[in-house]
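Topology and contacts: notes
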Amino acid sequence: MIILGRRSNKEERQEALRRYLRINPFATDEELAEKFKVSVPTIRLDRLALGIPEVRERIMAMAREARTRVRGVTTEDIVGELVELQPGSLGISILEITPQMLVQPAGVARGHYLFAQAHTLALATVGAEVVLTSSARVRYRRSVYAGERVVARAMVKVKKGNACLVSVHSRVNGEIVFKGQFIIITP
C-alpha cells in the first residue's frame, strides 16, 4: 500500500546525497557509500538519477570554472589543482601526493609541497592583478604520505588597505595536516 505524501527511503537518501555533495563536492563514491551505509552501485545509481557526475568530472568542471577567475598568479604557478575560486574570499585546491614528492626512506611528503600549495592558493584567493607575500606563519600538523589527497581551503580573513590576511587549512580525509596564515599585499 502506498501512502501519499510520504517520501521513500530512496528519495530521502537522494535528497541527502544532493545536500551532502553541495558541501563536500570531492567525496568519492566509496566515501558516499560508507556515509549513507549503502553499496557503491547504489550511490552510482543515485548520482545517475540526480544527474550528478562522478567525482573526477565534478572536480574537472570546478577546476575549469576556477581557472577563469585567477588573477595575480598564473594557473601554471599554482601547486595542486585549483577547483574553486571566489576572488577576495575563498579558494580550494587539491594536491595528490605522488612518490616523487616523498623524502626517502621515510616515505613522507616534502614540506615544501604543502607550503607551495597553500601559498599559491593564498595568492590566487586575494584576486588582485599584482600580489606579493609580506609574511607567512605556518604549522605542519602531521606527515602526509604517498597516495593521500590534500585539500587546501583558503579564506581571506581581514582586508586592511592594500594588505590581506589569508588563512589556509590543508586536510587529508578531514584531518588538518597543515595550517598557514599569509599576509598578502597588493601594491
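Below you will find a few notes about this structure.

Rules used in this analysis
Counting restarts for each chain: residues are numbered from 1 in the order of the written sequence. Given that the model is predicted, a residue must reach a pLDDT of at least 70 before its local features are reported, and side-chain atom pairs must reach 80 or more before they are shown or counted; all residues, however, enter totals for whole chains, interfaces and linings. Heavy atoms throughout the structure, all of them, feed into the side-chain values; hydrogens and water do not. Put simply, DSSP H or I for four residues or longer makes a helix, DSSP E for two residues or longer makes a strand, and each gets a number counted from the N terminus. Think of it in three bands: residues with accessible area under 20% of the maximum for their type are buried, residues over 50% are exposed, and the middle band is partly exposed, with areas taken using a 1.4 Å probe on protein chains only. N or O atoms closer than or at 3.5 Å make up a polar contact, with two conditions inside protein: a donor-capable atom paired with an acceptor-capable one, and, for residues adjacent in sequence, both atoms drawn from side chains. Two residues form a contact once any of their heavy atoms are found within 4.5 Å. Salt bridges are counted wherever a side-chain nitrogen of Lys or Arg sits within 4 Å of a carboxyl oxygen of Asp or Glu. By the convention used here, strands pair only if DSSP detects at least 2 bridges between them. Where helices are involved, their axes are fitted lines through C-alpha atoms of the stretch in contact, as for all axes, and angles between N-to-C directions lie from 0 to 180°. As defined here, a cavity is a set of points on a 1 Å grid over the protein atoms alone where a 1.4 Å probe fits but cannot get out. A pocket is an open set with protein on both sides within 12 Å along at least five of seven lines, and residues line them when an atom is within 4 Å of a point. Grid points are joined across faces, edges and corners, and a volume is the space filled by probe spheres set on the points. Following the grouping adopted for this structure description, the nonpolar residues are Ala, Val, Leu, Ile, Met, Phe, Trp, Tyr, Cys and Pro, the charged ones are Asp, Glu, Lys and Arg, and the polar ones are all others, Gly among them.

So, on to the side chain of Arg13. Relative to the elements of secondary structure, Arg13 occurs in helix H1 (residues 9-23). By relative accessible area, Arg13 is classed as buried at 19%. Within polar-contact distance, the side chain of Arg13 engages the side chain of Asp46 at 2.6 Å. Each residue touching Arg13, except ones within four places of it in the same chain, is listed here: Phe36, Val38, Thr42 and Asp46.

Attention now moves to the pattern of salt bridges. What the rule picks out here adds up to 9 salt bridges. Across the salt bridge formed by Glu148 and Arg142, the nearest N and O atoms sit 3.2 Å from each other. For Glu148, a relative accessible area of 18% puts it in the buried group. Overall, Arg142 belongs to the partly exposed group, its relative accessible area being 24%. When salt bridges that share partners are traced, they join Asp29, Glu30, Arg44 and Arg47 into one network.

With antiparallel pairing, the 6 strands of this open sheet are ordered in space as E1-E2-E6-E7-E8-E5. Of all strands in the sheet, those bounded by a partner on one side alone are strand E1 (81-86) and strand E5 (132-140). Direction aside, the axes of adjacent strands within the sheet are offset by 15° on average. Bridge count between E1 and strand E2 (residues 90-96): 5 bridges; the pairing is antiparallel. Note on E2: the bridge partner recorded for Leu85 is Gly91.

Considering only enclosed or pocket space, the largest pocket measures out at about 710 Å³ in volume. Along the walls of the largest pocket sit 26 residues, with Asn24, Phe26, Val151, Arg171 and Gly174 positioned nearest its centre. Those elements giving two or more residues to the lining of the largest pocket turn out to be H1, helix H2 (29-36), E2, strand E6 (149-160) and strand E7 (163-172). Here the element with the most residues in the lining of the largest pocket is E6; it accounts for 6 residues. Taken together, the residues of the lining of the largest pocket sort by class into 12 nonpolar, 5 polar and 9 charged.

Examined bridge by bridge, E5 and strand E8 (residues 175-185) share 8 bridges and lie antiparallel to one another. Bridge pairing in E8 links Tyr140 to Phe178. Where E7 lies against E8, 10 bridges are found, and the strand directions are antiparallel. Bridge pairing links Cys164 to Ile184 in E8. Between E7 and E8, which pair antiparallel in sequence order, lie 2 residues; one of them, Asn173, sits at a positive phi of approximately 50°.

Spatial relationships are all this shows, so hold off on functional conclusions.
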